[in-house]
Amino acid sequence: MSKNNISVPEAKAALDQFKMQAASEVGVTLNQNGYNGNLTSKQAGSIGGQMVNLVCPVRQLKIDRINRRALRHLNTITYQYFITI
């Protein structure tokens, strides 16, 4: 089974549309006929990276906490978490 087989055939159009949307967001133009062999590795990777960022975004939470040892000092704590499906 090749990597390009899609389990649900009806999802192919939605995946193609999603790929086109991600490509337009990073400024890469894709051919409508399906062949994009003229893309550089950097361009193709930016499209895939944008698709991953849209599906599994990274969230950040910053909290300012009072440092109890030093008067009027704040410590900023940053939490990063991923939402995966």
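Below: a short report on this structure. Computed from a predicted model, the values in this text were never measured in an experiment.

1. Observations concerning the nonpolar core
Soluble globular proteins: nonpolar side chains tend toward being buried together.
At step 1: Grouped together as the largest cluster of nonpolar side chains are 5 residues: Ala22, Ala23, Val28, Leu30 and Ile47.
At step 2: Each residue touching Ala23, except ones within four places of it in the same chain, is listed here: Val28, Leu30 and Ile47.

2. Things to note about a nonpolar patch on the surface
At step 1: A cluster of nonpolar residues, Leu61, Ile63, Tyr79 and Tyr81, forms a patch on the protein surface that exposes about 360 Å² of accessible area.
At step 2: Its place among the elements puts Leu61 in strand 1 (residues 58-66).
At step 3: For Leu61, a relative accessible area of 41% translates into the label partly exposed.

3. Structural notes on the pattern of salt bridges
At step 1: Within this structure, the stated rule accounts for 1 salt bridge.
At step 2: Of the charged contacts, one joins Asp16 and Lys12 as a salt bridge, the two residues approaching to 3.7 Å between their closest N and O atoms. One end of the pair, Asp16, and the other, Lys12, are both in helix 1 (residues 11-26), 4 residues apart, so they sit about a helical turn from each other.
At step 3: Relative accessible area serves as the criterion here: at 33%, Asp16 is assigned to the partly exposed category.
At step 4: Look at Lys12 and you get partly exposed, because its relative accessible area is 45%.

4. Quick notes on the environment of Thr29
At step 1: By secondary structure assignment, the location of Thr29 is in the loop between helix 1 and helix 2 (41-55).
At step 2: Assessed through its relative accessible area of 71%, Thr29 is described here as exposed.
At step 3: Taking the C-alpha atoms as reference points, Thr29 and Ser7, 22 residues apart in sequence, are found 27 Å from one another.

5. Regarding the environment of Leu54
At step 1: Inspection of the secondary structure puts Leu54 in helix 2.
At step 2: Considered as a pair, Leu54 and Phe18 are 36 residues apart in the sequence and their alpha carbons are 9.7 Å apart.
At step 3: Every residue in contact with Leu54, bar those within four places of it in the chain, is listed here: Phe18 and Glu25.

Definitions and cut-offs
Residues numbered from 1 in each chain as written. Predicted model: local features only at pLDDT ≥ 70, side-chain atom pairs only at ≥ 80, totals over all residues. Heavy atoms only, no water. Core = buried A, V, L, I, M, F, W, Y, C linked by side-chain atoms within 4.5 Å. Buried < 20%, exposed > 50% of the residue type's maximum accessible area, 1.4 Å probe, protein only. Contact = heavy atoms within 4.5 Å. Patch = residues over 30% accessible without salt bridge, like charges linked within 9 Å, V, L, I, M, F, W, Y side chains within 5 Å. Areas by Shrake-Rupley, 256 points an atom, 1.4 Å probe, with all protein chains shown as cover. Salt bridge = Lys/Arg side-chain N within 4 Å of Asp/Glu carboxyl O. Helix = DSSP H or I, 4+ residues; strand = E, 2+ residues; numbered from the N terminus.

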